[in-house]
Amino acid sequence: MPHKLLVTAAALLFVGFSAACGTVAEPPVITLIPAGERPPSRFTDPELIEGEALYNLACAHCHGYELQGQLEASIPQTEALGMHIVPPHDETGHTWMHPDQLLIRAIREGIPNPLQQYPMPAFEDAYSDAQINAILRYIRFFWTEEQRDHNRRVTEQWAALDQQFAPTEGETMP
Ligand code: HEC
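Residues numbered from 1 in each chain as written. Predicted model: local features only at pLDDT ≥ 70, side-chain atom pairs only at ≥ 80, totals over all residues.

As for the overall build of the chain
(1) Moving on: A tally of helices and strands in the chain yields seven helices and zero strands.
(2) Moving on: Reading the helices (α) and strands (β) of the chain from amino to carboxyl end gives α-α-α-α-α-α-α.
(3) Moving on: Within the chain, the proportion of its 174 residues that are buried is 11%.
(4) Moving on: Within the chain, counting contacts between residues at least 6 apart in sequence, those at least 24 apart form 61% of the total. (Helix = DSSP H or I, 4+ residues; strand = E, 2+ residues; numbered from the N terminus. Buried ≥ 20, exposed ≤ 12 C-beta atoms within 10 Å, placed from the backbone. Contact = placed C-beta atoms within 7 Å.)

Given below as structure tokens:
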């Protein structure tokens, strides 16, 4: 079947499914706050201010402006479709459990999960290492002291393993 037809067939199927079960809620209307009307940052540290601004620009519409996860109004629609919702990054989530190396990889490479309605995009080289570190520092602000300790520990362990298994000078990977 030509590609265009396939897409049309999929769209018709979806419309049919929505009409048939009648439980799929209308997508919510989301109103953005114009830049000039947003409240000033609560931070004085320039790195945290930058992290907060970048997070609000690129991540908050999915992970929540308070890092609470997917926007509440859109959750019924996702659940009606039988899909996963966007996870929170605050202390109720699981982001703190992972080493920074994996968090950075998730941000750069994305997580193409077919079970997610709003899958994690790959930001590739959109942000510098310093900008990603600023975003992570802002995210860490929402964790408990114990969660920060755990994240620090697993990050150090990951770095030690990287060091141990890194190819030595002159050695090439198979
Ligand atoms: C289109 C929605 C969307 C946007 C935009 C988005 N994310 Fe995600 N993100 C997701 C979803 C969905 C997951 C869960 C993926 C999974 O586990 O299958 C995720 C997972 C993650 C993870 C893995 C850790 C965890 O707790 O699951 C990190 C880290 C992350 N996102 C950071 C970010 C950052 C930083 C930004 C902004 C630069 C961002 N995300 C923007 C949807 C999004």
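Some thoughts on the site of the ligand
(1) Moving on: Surveying the vicinity of the ligand reveals 22 residues, the closest of which are Cys59, Cys62, Thr95, Asn113 and Met120.
(2) Moving on: Secondary-structure elements contributing two or more residues to the shell around the ligand are helix 3 (60-63) and helix 5 (100-109).
(3) Moving on: By residue number, the principal contributor to the shell around the ligand is helix 5, which donates three residues.
(4) Moving on: In the shell around the ligand, the residues fall into 15 nonpolar, seven polar and no charged. (Near = placed C-beta within 6 Å. Nonpolar A, V, L, I, M, F, W, Y, C, P; charged D, E, K, R; others polar.)

Topic: the packing of helix 2 (residues 46-58) against helix 6 (residues 129-140)
(1) Moving on: One can describe the packing of helix 2 onto helix 6 by two numbers: an axis separation of 7 Å at closest approach and a directional angle of 90 degrees. By the angle between their directions, the pair helix 2 and helix 6 is classed as roughly perpendicular. Judged by residue contacts, Glu47, Leu48, Glu50, Gly51, Glu52, Leu54 and Tyr55 of helix 2 engage Gln131, Ala134, Ile135, Arg137 and Tyr138 from helix 6. (Axes fitted to C-alpha atoms, helices over the stretch in contact; angles between N-to-C directions. Parallel < 35°, antiparallel > 145°, perpendicular 65-115°, else oblique.)

A look at the environment of Arg42
(1) Moving on: With respect to the helices and strands, the residue Arg42 is situated in the loop between helix 1 (3-21) and helix 2.
(2) Moving on: Since 9 C-beta atoms lie within 10 Å of it, Arg42 is described here as exposed.
(3) Moving on: Along the chain, Arg42 and Glu52 lie ten residues apart, while their C-alpha atoms are 9.5 Å from each other.

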